[in-house]
Amino acid sequence: MATEAAKKTKSARHASAVKRARQTIKRTARNTSTKNQVKTFEKKVLAAIKSGKSDDAKEALKAFMSTVDRAAQKGVVHVKRAARRVGRLSKQVAAVASK
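Residues numbered from 1 in each chain as written. Predicted model: local features only at pLDDT ≥ 70, side-chain atom pairs only at ≥ 80, totals over all residues. Heavy atoms only, no water.

Let's talk about the overall build of the protein
Broken down by element type, the protein carries four helices and zero strands. Along its sequence from the N terminus, the protein presents helices and strands in the succession α-α-α-α. At 19 Å, the protein has a C-alpha radius of gyration far larger than the 13 Å of a compact globule built from 99 residues. The principal-axis extent of the C-alpha atoms belonging to the protein is close to 65 × 25 × 15 Å. The proportion of buried residues among the 99 residues of the protein is 23%. Taking all contacts inside the protein whose residues are at least 6 apart in sequence as the whole, residues at least 24 apart take part in 57%. Just so you have it, the protein exposes about 7500 Å², and 53% of that area is on carbon and sulfur atoms. A gap of 14 Å separates the mean positions of the 27 positive and 6 negative side-chain charges of the protein. (Helix = DSSP H or I, 4+ residues; strand = E, 2+ residues; numbered from the N terminus. Rg over C-alpha atoms; globule rule 2.2 N^0.38 Å. Buried < 20%, exposed > 50% of the residue type's maximum accessible area, 1.4 Å probe, protein only. Contact = heavy atoms within 4.5 Å. Areas by Shrake-Rupley, 256 points an atom, 1.4 Å probe, with all protein chains shown as cover. Lys, Arg positive; Asp, Glu negative; His and termini not counted. Charge placed at Lys NZ, Arg CZ, Asp CG, Glu CD.)

Structural data, given as structure tokens:
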């Protein structure tokens, strides 16, 4: 995978530039994976909210919070964006739990 992406980009001439290109490809793949994981957990929370099951929603929210906080620590998503997403979903889960 890394070599395919490297072929598509401009090839670097210096050894340090070649190494940076390799690192960028790896980092991009890792960040994409983490972002997709965050989106998946967010969808699970929204599905649990839509179903109206408060226990499932709380469990899904807990897993989402862990995932998004880890992504924010790594710098994949901004810290304030992560906090905003958690806050909004927490509000929705609380509304389901109160019904």
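Now, onward.
Concerning the packing of aromatic side chains
Evaluation of the coordinates by the stated rule reveals zero aromatic pairs. Geometry around Phe 41 places Lys 44 over its ring, the cationic atom sitting 5.1 Å from the centre. (Phe/Tyr/Trp six-rings, centres within 6.5 Å; stacked < 30°, edge-to-face > 60°. Lys NZ or Arg CZ within 6 Å of the ring centre and 35° of its normal.)

Notes on the environment of Ser 98
Tracing the backbone through its elements, the reader meets Ser 98 in helix α4 (residues 79–98). With a relative accessible area of 61%, Ser 98 lands in the exposed category. Separated by 44 residues in sequence, Ser 98 and Ser 54 have C-alpha atoms that sit 8.6 Å apart. Here the side chain of Ser 98 touches Ala 95 through a polar contact of 2.9 Å, landing on its backbone oxygen. (Polar contact = N/O pair within 3.5 Å; in protein donor to acceptor, adjacent residues only side chain to side chain.)

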